[in-house]
Amino acid sequence: MTDKIIDWMHSNPLYVHPEDPLKHALHILLENNRTEIAVVEEQKWKGIIKLQDVLQQDSDKKISPFVRNCDRVASADLLVDKLQDIPTYIVNVEGELIGEITDMEWLHYHTEITKQLKQKDEMLHLYEMVFDTAYEGLTVVDDKGIIRLFNEAYSRYVKVPTEEAIGKDASLIIENTRLPVVLKTGVPERSQAHRLQGQNLVVHRIPIWKDNKVIAAAGILVYEGVSEIYQVIDQMEELDKVKHSKLKKDQPYKKSLHTRFEDLLGDSLCFTQTKKIARKASQSKAPVLITGESGVGKEQVAKAIHNESPLTNGRFISVNCAAIPEALLESELFGYSSGAFTGAEKGGKPGKIELAHRGTLFLDEIGDMPLTMQAKILRVIQEKSVERVGSNHQSTIDFRLITATNKDIKQMVLDGTFREDLYYRLYVIPIHIPPLRDRAEDIPIIVSHKIAELNNEYNDEKTIDHLVVQWMYTQPWKGNIRELINFLERLYVLAENQHMTLENIPELDDKQRLTSYNFLTNKKSVKSLSEEEEKEQIKETLKQVNGNKTKAAKLLGISRATLYNKISRYTLK
């Protein structure tokens, strides 16, 4: 519940008509123990009449000559605590009386506020207890880098009492701290190695955003040196051994050094759901069909499924069906025997399907596979055997099939360009990877990871400005993750300074750069705007992000649900 009058007012206010006799007003005033009452004509607010005026006049006279003006009139959107006096009459823009705040409503409001304040005090005390008793070192700095919260665990790490640390510059208390960098860039730094007081730690550095500005940053000490990390890894391996032994007892556990689900960057709701389905899929050998636009990371998801599956000891064989000419695709997939055709290697050559035996075969861009080849793949799936080109020998095979496409396979089946029987063989576990524009909240995580990779590769320590990250929310990213990664590398290489800003974006000319800068820096919190200003800012933001509501909400500093409500309220398209 908000503190606006509309949420607290009595919506059926008492009132009289100017043509009513004074005795009618007297009856209502005495019956309700009131000293004044509103006067309304044709639903329009006219003023008030007081008890003293009624008592001093002939009770049969009309009310109209005794109507008084009253400045205790307010809009329903006004905050309750802005009221100057009671009672207050609530009038809409058409001048109609729609409610009132009397002593009763005022008392109810203050009773509820007192209750809420007590609850908040109790919750704040609970937060303080959790903060201070947490095993992890926790600290929060304001936008100037000054320590505002500092728990006992962190105090133990740096050997500085909490009371001495609070109010000091973080760089003076925390050795090698990068919290000032996070404040400057607005980009989180998760699971980073950090040396503090001679001890190796793993830390998180998290920017805290409000109204499209970084207002603070939190530092979290996660692991105490490599020994604790190894303990966790050992525990995870033991869990994996139990998991894999249930699925395939004759296959020993082998730790994969390749793509895992933890490497699939993103915490957005839609992408988290994708990873959840993929994790479940990894524990079976059922065919998986991965769909999504170009560049969303379909092969990475396929690799993660393979590397956490019972077939992780086998090979992951990837074939791009769109990249191989139709004339060569059959020999590439099925292999060939000696002398099968001119130029064939002596002794023949196994195809990709054979190489995937006891592993995973990943057919990327399956929608581009010719119809004739589709029929042969269907036969392999059905018969679990493969025959090389130029040979009569059938080899039994056992592999997990994962396919991927950026095309609408269902529509292709209807159009007759994709076999229906093959489609249903592939469509056992469907996994859709959402485009980047639908999970824009994952952009900072991806940026943080890529910048760290580039710094490691180039042995540098470049940082990125938070305005660049905000600018990324306004972009369509039609090439998705691949386009974003390529953009970041281009920005990194071409930037002459250590701190990458809007000035370094090669795609922007001077006019576009100025427009972007003005848009990103001139936005006010929607909470501080009038309705008309708020409406215009929402319209402009939606225009900047091509109608993408997830991005718009992020730039406006509000939730998507709130944005949807405001779009409906202002009847925006």
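Residues numbered from 1 in each chain as written. Predicted model: local features only at pLDDT ≥ 70, side-chain atom pairs only at ≥ 80, totals over all residues. Heavy atoms only, no water.

S.K.: Can you explain the confidence of the model for the protein chain? Please cite residues and give values.
M.R.: When pLDDT is averaged along the protein chain, the result is 86; 92% of the residues meet or exceed 70. The low-confidence segment residues 247–256, where pLDDT is below 50, has 19 contacts with residues more than four positions distant or belonging to other chains. (pLDDT = per-residue confidence, 0-100. Contact = heavy atoms within 4.5 Å.)

S.K.: Any details on unusual backbone geometry? Residues and values, ideally.
M.R.: Most peptide bonds take the trans configuration, and most residues that are not glycine carry a negative phi. With omega at 0°, the peptide bond leading from Ile-86 into Pro-87 counts as cis. Within the element layout of this structure, Pro-87 appears in the loop between β4 (73–74) and β5 (88–91). Positive phi outside glycine occurs at Asn-212, with the angle close to 65°. Tracing the backbone through its elements, the reader meets Asn-212 in the loop between β10 (199–210) and β11 (213–224). Asn-212 gets classed as buried once you look at its relative accessible area, which sits at 11%. The backbone phi angle of Arg-358 is positive, close to 65°, even though this residue is not glycine. Summarising the element assignment, Arg-358 is placed in the loop between α12 (352–355) and β16 (360–364). On the accessibility criterion, Arg-358 (54% relative accessible area) is exposed. (Helix = DSSP H or I, 4+ residues; strand = E, 2+ residues; numbered from the N terminus. Buried < 20%, exposed > 50% of the residue type's maximum accessible area, 1.4 Å probe, protein only.)

S.K.: Explain the sheet that holds strand β13 (residues 316–320) residue by residue, including any values.
M.R.: Strand pairs in the sheet, formed through backbone hydrogen bonds, run parallel or antiparallel to each other. Spatially, five strands are ordered β13-β16-β19-β12-β20 in an open sheet, and the strand pairing comes out parallel. The open sheet is flanked by β13 and β20 (429–432), the only strands paired with a single partner. Ignoring strand direction, the axes of neighbouring strands in this sheet form an average angle of 20°. Both β16 and strand β19 (residues 400–405) contribute to a ladder of four bridges, which runs parallel. Of the residues in β19, the one forming a bridge with Leu-361 is Leu-401. Those strands touched by helix α9 (residues 269–282) are β12 (288–291), β19 and β20, and its axis lies near 150° from that of β20. (Pairing = 2+ DSSP bridges. Axes fitted to C-alpha atoms, helices over the stretch in contact; angles between N-to-C directions.)

S.K.: Tell me about a nonpolar patch on the surface, and please be specific about residues and values.
M.R.: Residues Met-123, Leu-124, Leu-126, Tyr-127 and Val-130 make up a contiguous nonpolar surface patch of about 490 Å² in total accessible area. Its place among the elements puts Tyr-127 in helix α3 (residues 103–133). (Patch = residues over 30% accessible without salt bridge, like charges linked within 9 Å, V, L, I, M, F, W, Y side chains within 5 Å. Areas by Shrake-Rupley, 256 points an atom, 1.4 Å probe, with all protein chains shown as cover. Salt bridge = Lys/Arg side-chain N within 4 Å of Asp/Glu carboxyl O.)

S.K.: Which residues make up the packing of helix α17 (residues 466–473) against helix α19 (residues 510–522), and what values go with them?
M.R.: Angle between the axes and distance between the axes are the two parameters that describe a pair of packed helices. The contact between α17 and α19 brings their axes to 10 Å, and the two run at 100°. It follows from the interaxial angle that α17 and α19 lie roughly perpendicular. Contact residues: α17 offers Leu-467, Gln-470 and Trp-471, while α19 offers Ser-516, Tyr-517, Leu-520 and Thr-521. Here the contact of α17 with α19 is composed, by residue class, of four nonpolar, three polar and no charged. (Parallel < 35°, antiparallel > 145°, perpendicular 65-115°, else oblique. Nonpolar A, V, L, I, M, F, W, Y, C, P; charged D, E, K, R; others polar.)

S.K.: How would you explain the pattern of salt bridges if you had to name every residue and give the values?
M.R.: Summed over the entire model, instances satisfying the criterion amount to 27 salt bridges. With its nearest N and O atoms 2.7 Å apart, the salt bridge here joins Arg-205 to Glu-189. One end of the pair, Arg-205, is in strand β10; the other, Glu-189, is in strand β9 (residues 189–196), and 16 residues separate them in sequence. Grouping residues by exposure puts Arg-205 and Glu-189 together as buried.

S.K.: Kindly report on the nonpolar core, identifying the contributing residues and their values.
M.R.: Ile-464, Met-472 and Phe-487 are the most contacted members of the largest nonpolar core, which has 43 residues in total. Not counting the four nearest positions on each side in its chain, Met-472 is found in contact with Ile-443, Val-447, Ile-464, Trp-477, Leu-484, Phe-487, Leu-488 and Lys-551. With 30 residues, the next largest nonpolar core counts Leu-361, Leu-363, Met-369 and Val-380 among its residues. (Core = buried A, V, L, I, M, F, W, Y, C linked by side-chain atoms within 4.5 Å.)

S.K.: Quick rundown of the side chain of Glu-365? Include the residues and the values.
M.R.: Structurally, Glu-365 is set in the loop between β16 and α13 (371–383). Although buried, Glu-365 forms no salt bridge, and the nearest oppositely charged side chain, Lys-298, lies 4.9 Å from it. (Lys, Arg positive; Asp, Glu negative; His and termini not counted.)

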